[in-house]
Amino acid sequence: MLAADYGCLADEIRRVAVSGADALHLDIMDAHFVPNLSFGPDMVALSKKTSPGLDRNVHLMMTRPDLYIDRFIDAGAQALQIHVEADCDIWAGLRAIRARGVRAGLVLRPQTPVAALLPYVPLCDAVLFMTVNPGYGGQAFMGDVLPKIAQLRKHADGSGFGALDIMVDGGINDETAALCAAQGANMYVAGSFLFKQADMTAAVKRLRELCEAKRQVTCTRQQPATPNP
Ligand code: ZN
């Protein structure tokens, strides 16, 4: 939603709802964890009111996300992602999200090693890789995150967490999403790329097809590997 036209937010939410996208992604910035400010729980509530059937996915780019978990869930968040670099108890944060029946996710800045989140994988429904430095929309994709996606997918599949969703966020278009899909990502957060399209529905369809094709190629390649004990 960061890339939406703020002059007609309800129309923009409806545009996403009919596009075939799986969810609305809301980036919450606190002017502390990141230099910018975006919006708060009211935007989540507006999304729920405008398009109740569209999944609401909320990414907290905040120093103290733990203090806002309940407020965003009360507003209608159905998935909440907090940063592993946040200044709070990550275990408690993930447990608090799940305790309310909401999908819990952990986010990594581009510079943070995958090792920082591995201990938390059992408490995560999703891991989100930032593929730009968090804080602004419209930035260019950072390709050096790609090997980290492959590293996490391998770890998750090999440790009984094959259902873990791997998301990518930042500079995502049909080209970069396909690169991430080939490494094992399965959820793609696209902002500027989709909102600038005259036909968002066609763009979502094309993005989905390209990514699914890449994932099938990757899975076929991985099949000869030794099965997990
Ligand atoms: Zn995000």
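Residues numbered from 1 in each chain as written. Predicted model: local features only at pLDDT ≥ 70, side-chain atom pairs only at ≥ 80, totals over all residues. Heavy atoms only, no water.

Caption draft 1: Fine view of unusual backbone geometry. The phi dihedral of Ala31 is positive, around 65 degrees, even though this residue is not glycine. Within the secondary structure layout, Ala31 lies in the loop between β1 (23-29) and α2 (41-50). (Helix = DSSP H or I, 4+ residues; strand = E, 2+ residues; numbered from the N terminus.)

Caption draft 2: Focus on the packing of aromatic side chains. Counting across every chain of the model gives two aromatic pairs. A ring pair is formed by Tyr6 and Phe39, whose centres lie 6.3 Å apart and whose planes are at 65 degrees; its orientation type is edge-to-face. With Tyr6 in the segment before α1 (9-17) and Phe39 in the loop between β1 and α2, this pair connects stretches of sequence that are 33 residues apart. On the accessibility criterion, Tyr6 (43% relative accessible area) is partly exposed. A residue is classified by how much of its surface remains accessible, and Phe39, at 13% relative accessible area, is buried. When the centroid spacing of 4.7 Å and the interplanar angle of 55 degrees are considered together, the rings of Trp91 and Tyr120 count as tilted. Of this pair, Trp91 sits in helix α4 (residues 90-99) while Tyr120 sits in the loop between β4 (103-108) and β5 (126-130), and the two are 29 residues apart along the sequence. Owing to a relative accessible area of 15%, Tyr120 belongs among the buried residues under this scheme. When the ring centre of Phe33 is taken as reference, the NZ or CZ atom of Arg109 above it lies at 4.2 Å. (Phe/Tyr/Trp six-rings, centres within 6.5 Å; stacked < 30°, edge-to-face > 60°. Buried < 20%, exposed > 50% of the residue type's maximum accessible area, 1.4 Å probe, protein only. Lys NZ or Arg CZ within 6 Å of the ring centre and 35° of its normal.)

Caption draft 3: Structural detail: the side chain of Asp27. Looking at the secondary structure, you find Asp27 in strand β1. For Asp27, which is buried and forms no salt bridge, the nearest opposite charge comes from Arg109, at a distance of 12 Å. One polar contact links Asp27 to His25, side chain to side chain, over a distance of 3.1 Å. If near-sequence neighbours (up to four positions away) are discounted, Asp27 is found in contact with Leu2, Ser38, Phe39, His59, Met61 and Asp169. (Lys, Arg positive; Asp, Glu negative; His and termini not counted. Salt bridge = Lys/Arg side-chain N within 4 Å of Asp/Glu carboxyl O. Polar contact = N/O pair within 3.5 Å; in protein donor to acceptor, adjacent residues only side chain to side chain. Contact = heavy atoms within 4.5 Å.)

Caption draft 4: Examining α1 more closely. Along α1, the positions that sit buried rather than exposed are Leu9, Glu12, Ile13 and Val16. Buried residues in α1, looked at end-on, bunch into an arc of 100 degrees, giving them a common side. (Arc of directions from axis to C-beta.)

Caption draft 5: Highlighting the coordination of the zinc ion. Protein-derived ligands of the zinc ion are His25 (NE2), Asp27 (OD), His59 (ND1) and Asp169 (OD), with the metal-ligand distances lying across 1.9 to 2.2 Å. Considering all four donor atoms around the zinc ion, angles at the metal cover 91 to 151 degrees and the coordination shape is irregular. Spacing between the donor residues of the zinc ion along their common chain follows H-x1-D-x31-H-x109-D. Residue His25 is found in strand β1, and its partner His59 is found in strand β2 (residues 55-61); the two are separated by 34 residues along the sequence. Note on His25: relative accessible area 9%, which makes it buried. Note on His59: relative accessible area 0%, which makes it buried. (Donors = N, O, S within 2.8 Å, 3.2 Å for Na, K, Ca; no water. Tetrahedral: all angles 85-135°; square planar, octahedral: opposite > 155°, others 65-115°.)

Caption draft 6: Spatial organisation of the environment of Val58. Among the structural elements, Val58 can be located in strand β2. Val58 gets classed as buried once you look at its relative accessible area, which sits at 0%. When the C-alpha atoms of Val58 and Ala79 are compared, they prove to be 6.1 Å apart, with 21 residues separating the residues in sequence. Look past the residues within four positions of Val58 in its chain and what remains in contact with it is Leu26, Ile28, Val44, Phe72, Ala77, Ala79, Leu80 and Gln81.

Caption draft 7: Spatial organisation of the nonpolar core. Ranked by internal contacts, the top residues of the largest apolar core, which has 63 residues, are Leu80 and Phe129. The biggest single contributor to this core is helix α8 (residues 200-222), with five residues. Contacts of Phe129, omitting those with residues within four sequence positions, involve Leu108, Val114, Val145, Lys148, Ile149, Leu152, Ile166, Met167, Val168 and Asp169. (Core = buried A, V, L, I, M, F, W, Y, C linked by side-chain atoms within 4.5 Å.)

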